[in-house]
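# Report on the structure
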Amino acid sequence: SAENNGFNVSKSWFDAAGVQVGDNASELNATQGDIFTVVITFEALKEHESGNLMLTDLLPSGFEIDTTVNVEPYYIDNGAKVFFSKLGFKPNWTQSMDDRFAANFHRYWAKGDKGAIYYQVRATYLGEFVVPDAHVELMYRPQINGRSNMVNGRITVQ
């Protein structure tokens, strides 16, 4: 289940049409080659002052990151662009690896501050896989963290 030790975190999956297909609380089904947009949002539950927030999201086995520079994911429509622009801050850096997506935010964290990040993944291998939770934590203060829900977090690629 989700953990909220200073941050509330949620993770959602959207298909190519922009329809939410998973929130780590239900099973997902995919066909090999399908592309999904993963959206992770988080909120500070109290004031944490200034610090580096590290966001890490492990990929399910059988998936690879498919985000291309300067190409917006399928989920990003006009409504979503407004949502992301209202957040008021972007990560200092992001990194796409073979097994995870990572982002770092450096700022003052007031109660109620919200952040979000999104990236695309492609179903590449057949099988049944676990969809891991997303994790945020303040670097050098790891006791201030949060994890998204992972109940029934499974995906089947056919």
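Presented here is an overview of the structure given in this document. (Residues numbered from 1 in each chain as written. Predicted model: local features only at pLDDT ≥ 70, side-chain atom pairs only at ≥ 80, totals over all residues. Heavy atoms only, no water.)

Here we come to the overall build of the protein chain. When you go through the protein chain residue by residue, the secondary structure sums to one helix and 14 strands. Taking all 158 residues of the protein chain together, the buried fraction comes to 44%. The contacts in the protein chain between residues at least 6 apart in sequence include a share of 78% that link residues at least 24 apart. Only carbon and sulfur atoms are counted for the fraction: they give 46% of the accessible area of the protein chain, which is about 8,300 Å². (Helix = DSSP H or I, 4+ residues; strand = E, 2+ residues; numbered from the N terminus. Buried < 20%, exposed > 50% of the residue type's maximum accessible area, 1.4 Å probe, protein only. Contact = heavy atoms within 4.5 Å. Areas by Shrake-Rupley, 256 points an atom, 1.4 Å probe, with all protein chains shown as cover.)

Here we come to the side chain of Asp113. Relative to the elements of secondary structure, Asp113 occurs in the loop between β9 (100-109) and β10 (114-123). Setting aside residues no more than four positions away along its own chain, Asp113 makes contact with Phe42, Glu43, Ala44, Arg107 and Tyr108.

Among the structural elements, His48 can be located in the loop between β5 (35-44) and β6 (49-58). On the accessibility criterion, His48 (3% relative accessible area) is buried. Linking His48 and Arg141, residues 93 residues apart in sequence, is a C-alpha distance of 9.8 Å. Excluding its chain neighbours within four sequence positions, the residues that come into contact with His48 are Gly6, Phe7, Trp109, Leu138, Arg141 and Ile144.

Further remarks concern the sheet that holds strand β11 (residues 127-130). Pairing between sheet strands relies on hydrogen bonds along the backbone, with the strands arranged either parallel or antiparallel. Taken together, three strands build an open sheet; the order of strands is β4-β14-β11 and the sheet is mixed. Either end of the sheet is taken by a strand with one partner, and the two such strands are β4 (28-30) and β11. Averaged over all neighbouring strand pairs, the angle between strand axes comes to 20°, with direction disregarded. Across four bridges, β11 lies against strand β14 (residues 154-157) in antiparallel orientation. Among the inter-strand pairings, Phe129 is bridged to a residue of β14, identified as Ile155. (Pairing = 2+ DSSP bridges. Axes fitted to C-alpha atoms, helices over the stretch in contact; angles between N-to-C directions.)

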